[in-house]
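Breakdown of the fold
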Amino acid sequence: MSIEEQTYNLLNKTLEVVQALPEATKWISLITDLKNQVDKPCTLAIAGAQNAGKSSFLNAFLGKKLAKVGDAATTATINKFRYGTPKDPNRPVLVHWSDGHVTEEALSFMDSLQGKDEETLSKAENIDFLEYILNDPALEDLILVDTPGTLAVTEGDGEGHQKRIDRYYKLNQKHHEESQRQTRDADAVIYVVRGVAGKTDKDFLDAFRETTLGGSSLDALGVMTKMDVEEAIWNRRKEQAAYVARSLKDQLFDVVPVSVMIWECTMRHANSFARWQKAIKSVPSKEELDMILTDKDIFLMEDINTYMPHDLCVEIHDTLMQDGAYWSLPRTILHALYEAPTPEDAIAELNEGANMENLRKIIQEHFFERKKSIHCTKILHELKRVIDDLYRNALHNAERASRKSDAWIKEVQNSIGAKNPIVAEELLDFLSKNIRTSAEIERMIKDLTDNVKHPLEQMLLTHEAPNEDYAMRKELEKNRELWEEDEFEELWELFGPKSAEYVASVNRSERQAYWQQLAMMAFDTKIRQTAEYAVELYGRRK
């Protein structure tokens, strides 16, 4: 049975049980709302500070230039991307206006949201969000949400009247609040983070975790973009990402460094790399190369850069400095071409550094393949909160009322019954109809515990186990050098999504004994903990 079916069935059972509880209408409404969410797509929010590179990353990931990037005058909007076929292929953007009506627009509609004039600002104020309909199977059962960003800046030119400045400020506040709301409502988050994590990043991600009811940081991945803005950052990108990951270890399960611009350049301009490499290799030494690549002006000076044809230098400059790129981008690419034996080797090195394919794989495995589990697990956590609230409030209050009722019944029977049996009968009838007895409340609690609370806890335990497996798999990959090749391959399968099938294909007791012995003999803490977890999994997957 799928997790959607299990979740749906448990919610139906909960509704049956809740019918008999005090204040049933309130609880039925809350649980029905959760039931209606089961079939909805998983929501994955792209969040982070303004100008951190969210839209560039999203465009690269989708393989389409949809979200506007790089223009400080662009009016920020909430952009949602979902699977489907637009009614009119030339108008794939649905504009959801604040008054509730929806219009179909062409992709060029985004151009009308750029600028600082009154007309652009007025239009942006009246838009709730843009919805892109994409015929991309990867987006089935998933909605990507590109937010304007935390502390987004929708700048004015400072020359208008105070009312105009106030409008800019209010729009900025609206975008900031909407970014927070969209992220809180999301099932999972890709958080685009700068090179240094600040208090704002932590607070923002803590708010997301709070709405997932203390859920694991495994539903939030950090992506560190713009690794190409400085050569020093590029050279230390892995160390910097590890530092940010440590800073946000309670909020993010990992931080992955990427360079969208380097990845896009190798895709777009690979055919030119052979010519560029031939020219750059005419520079006699790395010291000379470093000197002519100090900045773009020196690179273009014919009397200093005497090794390369000037027209080719202009071509390289104009080609690689598009879209607001920093000079560090061509410098990194030309260094790679100079040091690599062939253009193909340079491309491989640059792509490895850009890290986009690795990030795609992580997102595919961690979010896209787990989207239904992520979505339903959040619903189950919300159901747990409802059930906990029901125990704390409704049932607790009902227990107190029933104890008072029991005392009243005795009082009526002992004091009033003998003197006025008709009044006593009426009072007893009123109490029985309006207040549950202790025995009835005990039956309700038992019914709720046996049929809802315990099954819910078991479902959460079952469906959150893959999160722990995934975390162990990442640790395994980070510490690959600790393992023999056959050990690594076994653990990789054991901690993977098809763990149960793998365990069924091997001698479980023999493998469990192997890892148990290794755990007892290991001096290295990481080896011992991993081996102990392997023993636990072999025992669990009977």
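Residues numbered from 1 in each chain as written. Predicted model: local features only at pLDDT ≥ 70, side-chain atom pairs only at ≥ 80, totals over all residues. Heavy atoms only, no water.

1. Some thoughts on the sheet that holds strand S6 (residues 142-146)
Stated formally: Two strands pair under a simple rule: DSSP has to find at least two bridges between them. Labels follow the DSSP assignment, with helices taken as runs of H or I lasting at least four residues and strands as runs of E lasting at least two, numbered in each case from the N terminus. Note on geometry: axes are C-alpha line fits, over the in-contact stretch for helices, and angles between N-to-C directions span 0 to 180 degrees. We call two residues in contact when some of their heavy atoms are within 4.5 Å.
Strand order across the open sheet formed by 9 strands is S4-S3-S5-S2-S6-S1-S7-S8-S9, with mixed pairing between neighbours. Only two strands of the sheet have a single neighbouring strand rather than two, namely strand S4 (102-105) and strand S9 (255-257). The sheet shows a mean angle of 20° between the axes of neighbouring strands, taken without regard to direction. Running over the sheet, helix H16 (residues 356-368) touches strand S1 (42-48), S6, strand S7 (188-193), strand S8 (220-224) and S9 and is turned about 165° from S8.

2. Points about a nonpolar patch on the surface
We apply this condition: Only residues whose relative accessible area exceeds 30% and that form no salt bridge are eligible for patches; like-charged ones are grouped when within 9 Å, while nonpolar side chains (Val, Leu, Ile, Met, Phe, Trp, Tyr) are grouped when within 5 Å. Using a 1.4 Å probe, accessible areas were evaluated by the Shrake-Rupley method; residue-level cover was limited to the displayed protein chains. Whenever Lys or Arg places a side-chain nitrogen within 4 Å of a carboxyl oxygen from Asp or Glu, that contact is recorded as a salt bridge. Whether a residue is buried, partly exposed or exposed follows from its accessible area with a 1.4 Å probe, protein chains only, as a fraction of its type maximum: under 20%, in between, or over 50%, in that order.
On the surface, a nonpolar cluster with roughly 210 Å² of combined accessible area is contributed by Met-291, Met-301 and Ile-304. Turning to its location among the elements, Met-301 is positioned in the loop between helix H12 (296-299) and helix H13 (310-320). The class for Met-301 is partly exposed, based on a relative accessible area of 35%.

3. Some thoughts on the environment of Val-503
With respect to the secondary-structure elements, Val-503 resides in helix H21 (residues 499-504). Its relative accessible area of 4% is what places Val-503 among the buried residues. When near neighbours in sequence (up to four residues on either side) are disregarded, Val-503 contacts Leu-494, Arg-508, Tyr-538 and Arg-541.

4. Digging into the nonpolar core
Quick note on the threshold: Here, nonpolar core refers to any group of buried Ala, Val, Leu, Ile, Met, Phe, Trp, Tyr and Cys residues whose side-chain atoms link them within 4.5 Å.
Ranked by internal contacts, the top residues of the largest apolar core, which has 88 residues, are Phe-57 and Phe-367. If near-sequence neighbours (up to four positions away) are discounted, Phe-57 is found in contact with Ile-46, Ile-190, Val-192, Val-223, Thr-225, Val-260, Leu-359 and Ile-363. If you look at the next biggest cluster of nonpolar residues, it comprises 26 residues, including Ile-31, Val-38, Leu-380 and Leu-448.

5. Side note on the confidence of the model for the protein chain
Put simply, the rule is: The predictor attaches a confidence to each residue, called pLDDT, with possible values from 0 through 100.
Of all residues in the protein chain, 80% attain a pLDDT of 70 or more, and the chain-wide mean is 82. Segment residues 151-162: pLDDT under 50, and 21 contacts once partners within four positions in sequence are set aside and those in other chains are kept. In this model, residues 211-215 is a region of pLDDT below 50 whose contacts with residues beyond four sequence positions or in other chains number 9 contacts.

6. Examining a negative patch on the surface
Formally: His is not counted, nor are the chain ends, whereas Lys and Arg count as positive and Asp and Glu as negative. For this purpose, a charge sits on NZ of Lys, CZ of Arg, CG of Asp or CD of Glu.
Together, Glu-339, Glu-344, Asp-345, Glu-349 and Glu-352 give the surface a local cluster of negative charge. Sorting elements by how many residues they give to the negative patch places helix H15 (residues 343-354) first, with 4 residues. Counting through the fold element by element, Glu-352 comes out in helix H15.

7. A word on the pairing of strand S5 (residues 127-134)
In terms of burial, S5 is a largely internal element, 7 of the 8 residues being buried. Pairing analysis gives 5 bridges linking strand S2 (residues 79-83) to S5, with the strands arranged parallel. Across the sheet, the residue bridging to Arg-82 is Ile-133, located in S5.

8. Some points on the environment of Ala-336
Looking at where Ala-336 falls in the secondary structure, it is placed in helix H14 (residues 328-339). Classification of Ala-336 by relative accessible area gives buried; the value is 3%. In this structure, Ala-336 is in contact with Ala-346, Glu-349 and Leu-350, ignoring residues within four places of it in sequence.

9. Some remarks on the packing of helix H20 (residues 485-494) against helix H23 (residues 525-540)
Stated formally: If an angle is under 35 degrees, it is roughly parallel; if it is over 145, roughly antiparallel; if it lies from 65 to 115, roughly perpendicular; otherwise it is oblique. Take the far helix as the reference: if the near one is turned anticlockwise from it by less than a right angle, the crossing is left-handed, and if turned clockwise, right-handed. As a working rule, the residues Ala, Val, Leu, Ile, Met, Phe, Trp, Tyr, Cys and Pro are called nonpolar, Asp, Glu, Lys and Arg charged, and the rest polar, with Gly in that last group.
It is the contact of H20 with H23, at a shortest axis distance of 11 Å, that shows an interaxial angle of 50°. Regarding the angle of H20 to H23, the classification is oblique. As H20 packs across H23, the resulting crossing turns out to be left-handed. On the side of H20, the interface is formed by Glu-490, Leu-491 and Leu-494, while H23 contributes Thr-530, Ala-534, Leu-537 and Tyr-538. Of the residues belonging to the contact of H20 with H23, the class tally is 5 nonpolar, 1 polar and 1 charged.

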